[in-house]
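Now for the letters of each chain:
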Amino acid sequence: MSDFIEKMVALANVVHSDLVVLPDDRARYDLVKQIIDSAEMVFAVWNAQDGVGHMLVKGQGIARQAVADNKMALSTRVAAIPCNNADQAQALLHELGERDSRH
């Protein structure tokens, strides 16, 4: 597993720990929305048959600039949201992600 994927999984695991103790779906939705709103880049992360699936749900412009510059600013606020599968990640993108995302 690449360092990037390991970091995204670690971030998603922290969020998962916070989500499982919340009392209901509304509280979980509110937390996920708060995390997405406060981060500059957000990835959805899930277990896939061939390893770990991931999808960028926020931060397209930052990602493009990082590729162009071959580096990302150290101050970029990155978050990862755990998902059950790719369909849930797609729903997250549709519901709370950037509208101009090209997935």
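Our structure is the block above this text.
Residues numbered from 1 in each chain as written. Predicted model: local features only at pLDDT ≥ 70, side-chain atom pairs only at ≥ 80, totals over all residues. Heavy atoms only, no water.

(A) Structural view of the pairing of strand 1 (residues 41–48). Among the eight residues of strand 1, six are classified as buried, and the element is accordingly described as predominantly covered. Looking at chain direction, strand 1 and strand 3 (residues 78–82) are connected through five bridges and run parallel. Across the sheet, Val42 pairs through a bridge with Ala79, a residue of strand 3. By the bridge criterion, seven bridges tie strand 1 to strand 2 (residues 51–58) in an arrangement that is antiparallel. The residue bridging Ala48 from the neighbouring strand is Gly51, located in strand 2. The hairpin turn running from strand 1 into strand 2, its antiparallel successor, is two residues long. (Buried < 20%, exposed > 50% of the residue type's maximum accessible area, 1.4 Å probe, protein only. Helix = DSSP H or I, 4+ residues; strand = E, 2+ residues; numbered from the N terminus. Pairing = 2+ DSSP bridges.)

(B) Representation of the sheet that holds strand 3 in the model. The strand order across the open sheet built from three strands is 2-1-3, with neighbouring strands paired in mixed fashion. Pairing within the sheet leaves two strands with one partner each, and these edge strands are strand 2 and strand 3. This sheet shows a mean twist of 30° between the axes of neighbouring strands, independent of strand direction. With respect to the sheet, helix 2 (residues 25–38) is in contact with strand 1, strand 2 and strand 3, its orientation differing from that of strand 3 by roughly 155°. (Axes fitted to C-alpha atoms, helices over the stretch in contact; angles between N-to-C directions. Contact = heavy atoms within 4.5 Å.)

(C) The arrangement of the packing of helix 2 against helix 4 (residues 86–96) in detail. Their axes nearest at 12 Å, the elements helix 2 and helix 4 cross at an angle of 70°. Taken together, helix 2 and helix 4 sit at an angle that is classed as roughly perpendicular. Relative to helix 4, helix 2 is oriented so that their crossing is right-handed. Where helix 2 abuts helix 4, its residues Tyr29, Val32, Lys33 and Ile36 lie against Leu92, Glu95 and Leu96. Across the contact of helix 2 with helix 4, the residue classes tally to five nonpolar, no polar and two charged. (Parallel < 35°, antiparallel > 145°, perpendicular 65-115°, else oblique. Left-handed = near helix turned anticlockwise from the far one by under 90°. Nonpolar A, V, L, I, M, F, W, Y, C, P; charged D, E, K, R; others polar.)

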